[in-house]
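Each chain, letter by letter, is given below.
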Amino acid sequence: MFRKNAARPEPVWVRVATADEVPVGGLRAVSTDKGPLVLANVDGDIYALEDRCSHQDYPLSAGELEHDELECPFHGARFDVCTGRAVQLPAVTPVRSFRVEVRDGDVYVRLD
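Remember, it's a predicted structure, so these values are computed and weren't measured experimentally. (Residues numbered from 1 in each chain as written. Predicted model: local features only at pLDDT ≥ 70, side-chain atom pairs only at ≥ 80, totals over all residues. Heavy atoms only, no water.)

Trainee: Help me out: how do you make sense of the pairing of strand β2 (residues 27-32) in this one?
Mentor: Residues in a regular strand project their side chains so that they alternate between the two faces of the sheet. Looking at chain direction, β2 and strand β3 (residues 35-42) are connected through 6 bridges and run antiparallel. The residue bridging R28 from the neighbouring strand is L39, located in β3. (Pairing = 2+ DSSP bridges. Helix = DSSP H or I, 4+ residues; strand = E, 2+ residues; numbered from the N terminus.)

Below is the structure:
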């Protein structure tokens, strides 16, 4: 049953790295309670994706970042790091993306 006035849970923001640990054009694997994530720095903006290729569950953090696309090194699938959308076969399913905030040099990811 839906309650019209039910309180929504507060967003869960977790500190996962410092901004310096994710250089422009670089990737960084991080662990969270929701599983591994990969951070990607595109021209100074940091994005977070589930660190799991939707094609065969390999870690995307082992891949290469080219502009705003992350290429899985195992089969060449590519994902838009801003949205998680699969942009090149063999992947057709997106990977989960997470909201990111940088506060005072620290990277926070919203996990809810």
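Trainee: Could you clarify how one ought to interpret the side chain of T32 in this entry?
Mentor: Take T32: it is sitting in strand β2. Exposure remark for T32: the relative accessible area of 15% places this residue in the buried category. Of note is the side chain of T32, whose polar atom sits 2.7 Å from the backbone oxygen of G35. With residues up to four places along the chain from it excluded, the contact list for T32 reads V16, L37 and L111. (Buried < 20%, exposed > 50% of the residue type's maximum accessible area, 1.4 Å probe, protein only. Polar contact = N/O pair within 3.5 Å; in protein donor to acceptor, adjacent residues only side chain to side chain. Contact = heavy atoms within 4.5 Å.)

Trainee: Could you clarify how one ought to interpret unusual backbone geometry in this entry?
Mentor: Peptide bonds are, in most cases, trans, and in most cases residues other than glycine have a negative phi. Backbone torsion omega between L89 and P90 reads 15 degrees, so that peptide bond is classified as cis. Within the fold, P90 resides in the loop between β8 (86-88) and β9 (97-98). Of note in the backbone geometry, H67 takes a positive phi value of approximately 60 degrees without being a glycine. For H67, the position within the fold is in the loop between β5 (64-66) and β6 (69-71). For H67, a relative accessible area of 73% puts it in the exposed group.

Trainee: Looking at this structure, I do not really get the environment of Y108. What am I missing?
Mentor: By the element assignment, Y108 lies in strand β11 (residues 106-110). A residue is classified by how much of its surface remains accessible, and Y108, at 19% relative accessible area, is buried. C-alpha of Y108 to C-alpha of V12: the two residues are 96 residues apart in sequence and 9.6 Å apart in space. Sequence-distant contacts of Y108, that is, excluding residues within four places in its chain, are made with W13, V14, R15, R99, V100, E101 and R103.

All we've got here are geometric facts, nothing functional implied.
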